[in-house]
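Residue-level structural notes
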Amino acid sequence: LDSNPNKYGLFAESVSVIEMKDTAKAVLQMEPFDWILFDRLCRRPNTTRPSFHGNYNESLKCVESMIFDEYTKLAEDGVEHKDMPTFSIVFLSDGRPSDCTRADTEQRTTLLQNLTQLLSSKLLFYAMGVGANGADFGVLSSMVKIVNENGGEGQFVHAGLSAVALSSTF
């Protein structure tokens, strides 16, 4: 891997982390995939705690904006779609989202369709349900279905509460 950013400040392999609460916030953005990132991720539980609400749509809007910006920069530099990098999204949740009205569902569908139409096979969408058996992960499963139906690749996993199961997913 190239350990230096390109002219846009992008690394060959990079990771962004978006916290999903009432709003979405990029707490790590375009970080190179290295031991420093690993250290930051390991320390994250010491700086934040889960909260009551998880609004999926705000997080998807944040993801869409970040991916669109990177895709646009690359396209303006002459990179053809077939040569674009693969964009992977790992969406973690402990259950049903707080934004679950009919309008929210329609907006979520549109956001995922827009991402998939832009990226097609360059989109990998992994949804992981982290919680006890019986937790409602229907929305996560439906998100994966939307991505798969629109030309991306998606996978849903219910990892339960086991650290072993979490470490072996995807």
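For every chain, the first residue of the written sequence is number 1, and numbering continues from 1 onward in sequence order. Local features in this predicted model are restricted to residues whose pLDDT is 70 or higher, and side-chain atom pairs enter the listing and the counts only when it is 80 or higher, whereas totals over whole chains, interfaces and linings include all residues. Each side-chain value is worked out from all heavy atoms of the structure, with water and hydrogens disregarded.

This part covers the pattern of salt bridges. Two side chains carrying opposite charge are able to pair once their charged atoms lie near each other. Throughout this description, the term salt bridge denotes a Lys or Arg side-chain nitrogen within 4 Å of a carboxyl oxygen of Asp or Glu. Considering all chains together, one arrives at eight salt bridges under this definition. Across the salt bridge formed by Lys 61 and Glu 58, the nearest N and O atoms sit 3.1 Å from each other. Residue Lys 61 and its partner Glu 58 are located together in helix 2 (residues 56-76), separated by three residues, close to a single helical turn. Note that Asp 83 and Lys 82 form a salt bridge whose closest N and O atoms lie 3.3 Å from each other. Each member of the pair Asp 83 and Lys 82 is classed as exposed. Going along the chain from the N terminus, every DSSP run of H or I of four or more residues is numbered as a helix, and every run of E of two or more is numbered as a strand. When a residue's accessible area, from a 1.4 Å probe over protein chains only, is under 20% of the maximum for its type it is buried; when over 50% it is exposed; and in between it is partly exposed.

Here the rule is simple: two strands pair whenever DSSP picks up at least two bridges between them. Read from one edge of the open sheet, three strands run 3-4-5, paired in parallel fashion. Each edge of the sheet is formed by a strand with only one pairing partner; in this case those strands are strand 3 (87-93) and strand 5 (153-160). Strand-to-strand, the axes of this sheet are offset by a mean angle of 15 degrees, without reference to chain direction. Taken together, the seven bridges between strand 3 and strand 4 (residues 123-130) define a ladder with parallel strand orientation. In the strand pairing of strand 4, Val 90 is matched with Tyr 126. Here, residues are in contact when the closest pair of their heavy atoms is within 4.5 Å. Between N-to-C directions, angles span 0 to 180 degrees; the directions come from axes that are lines fitted to C-alpha atoms, helices contributing only their stretch in contact. Sitting on the sheet, helix 2 is in contact with strand 3 and strand 4, with an inclination near 165 degrees to strand 3. Where helix 4 (residues 138-149) meets the sheet, it contacts strand 3, strand 4 and strand 5, and its direction lies at approximately 160 degrees from that of strand 5.

Across its 18 residues, helix 3 (residues 102-119) extends 26 Å between first and last C-alpha, which sits within 8% of the 26 Å expected from 1.5 Å per residue. All buried positions along helix 3 are accounted for by Asp 104, Arg 108, Leu 111, Leu 112, Leu 115, Thr 116 and Leu 119. Seen end-on, helix 3 carries its buried residues on one side only, within an arc spanning 125 degrees. The exposed residues of helix 3 that point more than 90 degrees off its buried face are Arg 102, Ala 103 and Gln 117. A positive phi of about 45 degrees marks Ser 120, the residue just after helix 3. Multiplying 1.5 Å by the residue count of a helix minus one yields the expected span of that helix. Here the arc refers to the set of directions running from the helix axis out to each C-beta atom.

At a minimum axis separation of 9 Å, helix 3 and helix 4 run at an interaxial angle of 35 degrees. Viewed along their axes, helix 3 and helix 4 form a crossing whose handedness is right-handed. Contacts between helix 3 and helix 4 involve Arg 108, Thr 109, Leu 112, Gln 113 and Thr 116 on the former and, on the latter, Val 139, Met 143, Ile 146 and Val 147. Ten residue types, Ala, Val, Leu, Ile, Met, Phe, Trp, Tyr, Cys and Pro, are classed as nonpolar, four, Asp, Glu, Lys and Arg, as charged, and the remainder, Gly among them, as polar. Residue composition of the contact of helix 3 with helix 4, grouped by class: five nonpolar, three polar and one charged. Note on convention: near helix rotated counterclockwise from far helix by under a right angle means a left-handed crossing. Clockwise means right-handed.

Two elements in contact, helix 2 and helix 3, have axes whose closest approach is 10 Å; the angle formed by their N-to-C orientations is 20 degrees. With respect to helix 3, the element helix 2 is oriented roughly parallel. Helix-helix and strand crossings are classified by hand; for helix 2 and helix 3 the assignment is left-handed. For the pair formed by helix 2 and helix 3, the contact residues are Tyr 56, Asn 57, Leu 60, Lys 61, Val 63, Glu 64, Ile 67, Phe 68 and Tyr 71 on the first element and Asp 104, Gln 107, Arg 108, Leu 111, Leu 112, Asn 114, Leu 115, Leu 118 and Leu 119 on the second. Residue composition of the contact of helix 2 with helix 3, by class: eleven nonpolar, three polar and four charged. Oblique is the label for any angle not covered by the other classes, which are roughly parallel (under 35 degrees), roughly antiparallel (over 145) and roughly perpendicular (65 to 115).

Not every positive phi belongs to a glycine, and Met 30 is a case in point at roughly 55 degrees. Looking at where Met 30 falls in the secondary structure, it is placed in strand 2 (residues 24-32). For Met 30, a relative accessible area of 18% puts it in the buried group.

Function cannot be inferred from these measures alone, as they are strictly geometric.
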